[in-house]
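Examination of the molecular architecture
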Amino acid sequence: MNLPLSSYQGSGQGPTRRTFLKSGLAMVGVSLGGAALAGCSSDNVASGLTISRKDPSSVDYWNLFGGGDGVRMQEMQDGYRKTHPSVGLSAVTLAWGNPYYTKLSLATLGDKPPDVAVAHLTRAKTMIASNLLEELTPDALATVGITPDKLSRRAWDAGLVDGKAYTVPLDTHPIVTFYNTDICEKAGLLDSDGKLKPLTSEAAFMEAMAKGKAVSKAYGGVSPINNETATPWRVFQSLYSQLGGEVLSDGGRKVVIDDDKAIKVLTLLDSLRKKKLFPSSVDYEGSIAMFANGQSAFLFQGEWEISTFQTAKTAFSMAPFPNVYGGAKYACQADSHTLCIPKQPTRDDKAFEQSLGFIRSLLDQSSTWAAGGHVPAWLPYANSPAFKKLSPQSDYAVAADGAVYDPDGWYSGSGSDFEIITGSAIGSVQSGQQTPEAALAQMRGKLEKLAGTASPI
Amino acid sequence: MSTETATRMTQRTPAATRSSQKFNDHSRPAMAFLAPFVALYVLFIIGPAIYGLVMSFFDTSLVKPGLSSFAGLENYAEALQSTDFWSSLWHTIWFTILTTPPLIVLGFVLALLADRVGRGRWFFRLAFFAPFILPSAVIALIWIWIYTPGLGLLETAMKSIGLGAPDWLGDASWAMPSLAISTVWWTLGFNFILYLAGLQDIPSELYEAAAIDGAGPWQQIRSITIPLLARTTTLVAVLQVIASLKVFDQMYIMTAGGPNFSTRSVLEYIYDEGFTNFRVGYASALSMLFFVVVLAVSAVWFAIVRSQESEV
């Protein structure tokens, strides 16, 4: 900061217009550089500012993993570095959610994307529609030994757009049932192996919640409502899909909610509150604390919370989300973390192959990833005896086959406006602020407005 | 008398010319010193604002290059017909109504009390000002814990004295007052410091004279302190209204605009449209409308306070 000031200190007459401009620009440069250094010292940012091409022998990789997932992803990155010592891997972890996808989209538009990026399957759809991702042809994938038959069928199919692949799924992360084994044993809800007996009807589900409540002395089950829209949506979508219901069609241009089915699910959620089987006011952290403290027999949440309860030494196990309405056709809400290659005008074949090699390396380390609860999509590992022995992960892995992804639409996907709108309405029933009918009308109204808006992508 | 005035007059004239010369001599260096600021201001405030105004007439998308197709006034028409826009605008105004009066009154009262403290005045100044230094994320986390249903500090405290606690952040009608309470605690320190500075500018002779004339403490406050702080009050009020209208962080972190959109401020609605739905053109139109509202509210408020001030 001293530089521009000292340059005209001795000039007596004050600065000429030119020095004045120069010093102004220097200041801007200094503050920009300073901001970049303070904010992030990564190579990507630096190369973005200086507009220099990156080192062709390295792989730039962006992800959005924090917490336990972040630690495991770093382990996998180190694994790649060990097996590929000649390739420099520069990995950047960015904040989860909308900011991540904004940055990834803008970096790709500005021709400065990473070589490989993580994207949720439902959010990658938006990027594919914006023409931001490279197609991954069967031939290209085969060069690194990735073929569709080695990947979870459901996750692979869900990622296809017009039959073409743009993403490689790393996992499936469904909403699952966490159950307190001590409480459930006392309540007589476990079978002879100590595993939760399946809850395959509304009556059986309600009974299990009531029995759990009788033992826990507080609540039967819990799922977060306050300051949270994703979980209410996940619970609703799981039950609603079991009934065969759909929310959007025609790529999000039509709202096709089945009123009877939706009301049936919302009424079930409403009665859980009325009977005080579920708390009507609890936020995400609160729901975790409640389950960890044994104030609730069940928690309905994404499998990623597994490490939280392992660390807390809660007496717990996990099962797929209850098949309340599905019968033979099981369904539960899920998304997948996928790996994709953003478009880059100057990428040569060698760099492309190197990126694919990195993706393959991450798939090969699926055992590390599965420790965090995610159901591995890489079948060579998912079908191996090693994974079968991994408990409780293997107990709910079957849920991935019933995975229902958020419907297609420019406003849909994990963390999208779609989830905010539906989750807010569903949450208002779970907290007793609105009747199921009013909530449904509100949800439909807001979705129809978006369905009628021209897609910005 | 007259000779004195004359000398003063003659003295003043050269002084005046000298000062205007001084101004000329120094205007260039002054400009140079201002230049970095002006450059940054143009680059980061005026430039983007003009760009935003342009975008508001286009269907600009966050994930497509360029401005996209021309939309004319469609974005504005959509915004004015959107119930989401009006309800979020009302939430912002409701928040402003809930926070501004307590922040002004409490800031004044606490400054008055802290000013009277004889020993350990630094402690009270620090205590009231400290929360203001904390970042919004820290404040939000602290208050989320305080408001937690079932095991939060506030509910436990109220139950221990036999009171029932509302569902602070989970109940649509309580969420906004709860946010207002945490905001008052957080930002009170700023107004407090402004008032404290104002109080210290009032000459103590005035109080001494009033006391000799037999004015009690309450009369002194009403007839000396409050009138002499009128300018400070104007400043505090205008700054406070604008700060409250700009609310975003607390709501975004503590309630995410919920429950069921009941605390979604207009800035969060703009954020949702621009960054979640990628509709930057529409979001820019919303921003422009909000800009007009803030300008109008500030102007009206400023006029009201000014006219009150001149009456005093």
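Residues numbered from 1 in each chain as written. Chains lettered and ligands numbered in written order. Predicted model: local features only at pLDDT ≥ 70, side-chain atom pairs only at ≥ 80, totals over all residues. Heavy atoms only, no water.

Things to note about helix 11 (residues 230-242) of chain A
Across its 13 residues, helix 11 of chain A extends 18 Å between first and last C-alpha, which sits within 8% of the 18 Å expected from 1.5 Å per residue. The buried count for helix 11 of chain A comes to 13 of 13 residues, which makes it a mostly enclosed element. (Helix = DSSP H or I, 4+ residues; strand = E, 2+ residues; numbered from the N terminus. Expected span 1.5 Å × (residues − 1). Buried < 20%, exposed > 50% of the residue type's maximum accessible area, 1.4 Å probe, protein only.)

Some points on the interface of chain B and chain A
Counting residues at the interface gives 39 residues for chain B, matched by 43 residues for chain A. Summing both sides of the interface, chain B and chain A together bury roughly 3,300 Å²; the carbon and sulfur share of this comes to 60%. For the interface between chain B and chain A, the tally reads one salt bridge. Among the salt bridges present, the one from A:Lys446 reaches B:Asp84, with a minimum N-O distance of 2.5 Å. Our enumeration of links across chain B and chain A arrives at nine residue pairs in polar contact (both at pLDDT 80 or more). At the level of secondary structure, the elements contributing two or more residues to the side of chain B that touches chain A comprise helix 1 (2-55), helix 11 (249-254) and helix 12 (266-276) of chain B. With ten residues, helix 1 of chain B is the largest single contributor of residues to the side of chain B that touches chain A. Of the residues contributing to the side of chain B that touches chain A, the split by class is 26 nonpolar, seven polar and six charged. (Contact = heavy atoms within 4.5 Å. Buried area = accessible area lost by both parts, 1.4 Å probe. Salt bridge = Lys/Arg side-chain N within 4 Å of Asp/Glu carboxyl O. Polar contact = N/O pair within 3.5 Å; in protein donor to acceptor, adjacent residues only side chain to side chain. Nonpolar A, V, L, I, M, F, W, Y, C, P; charged D, E, K, R; others polar.)

Side note on the confidence of the model for chain B
Residue and element names in this part refer to chain B. The pLDDT averaged across chain B works out to 87; a share of 90% of its residues lies at or above 70. Within the model, pLDDT remains below 50 along residues 1-17, and this stretch shows zero contacts once partners closer than five positions in the same chain are excluded. For this predicted complex, the interface score ipTM comes out at 0.78, alongside a pTM of 0.83. (pLDDT = per-residue confidence, 0-100.)

Quick notes on the nonpolar core
All names here are of chain A. Ranked by size, the top nonpolar core spans 67 residues in total, and within it Tyr-61, Tyr-100 and Leu-356 carry the most contacts. Counting residues per element, this core draws most heavily on helix 15 (residues 349-364), which supplies six residues. Among the nonpolar cores identified, the runner-up in size contains 62 residues, and Leu-239, Ala-262, Val-265 and Ala-451 belong to it. (Core = buried A, V, L, I, M, F, W, Y, C linked by side-chain atoms within 4.5 Å.)

What about the pattern of salt bridges?
Taken as a whole, this structure holds 22 salt bridges over all chains when the rule is applied. Put simply, A:Lys274 and A:Asp270 hold a salt bridge, and the shortest N to O gap is 3.3 Å. Note that A:Lys274 and A:Asp270 are positioned in helix 12 (residues 259-274) at a spacing of four residues, about one turn of the helix. Put simply, B:Glu155 and B:Lys159 hold a salt bridge, and the shortest N to O gap is 3.1 Å. Taken together, the residues span about one helical turn, with B:Glu155 and B:Lys159 both in helix 6 (residues 153-160) at a distance of four residues. The class for B:Glu155 is buried, based on a relative accessible area of 11%. The exposed category is assigned to B:Lys159, whose relative accessible area is 53%. Members of the salt-bridge network, linked through shared partners, are A:Lys446, B:Asp84, B:Arg264 and B:Asp272.

What about helix 21 (residues 436-451) of chain A?
In a regular helix each residue adds 1.5 Å, so 16 residues correspond to 22 Å; helix 21 of chain A covers 22 Å between its end C-alpha atoms and thus fits that length. Of the residues making up helix 21 of chain A, those classed as buried are A:Pro436, A:Ala439, A:Leu440, A:Gln442, A:Met443, A:Lys446, A:Leu447, A:Leu450 and A:Ala451. Seen from one end, helix 21 of chain A has its buried residues packed into an arc of 165°, which puts them on one side. Those residues of helix 21 of chain A that are buried are in contact with strand 8 (254-255), helix 12 and helix 20 (417-430) of chain A together with helix 3 (83-116) of chain B. (Arc of directions from axis to C-beta.)

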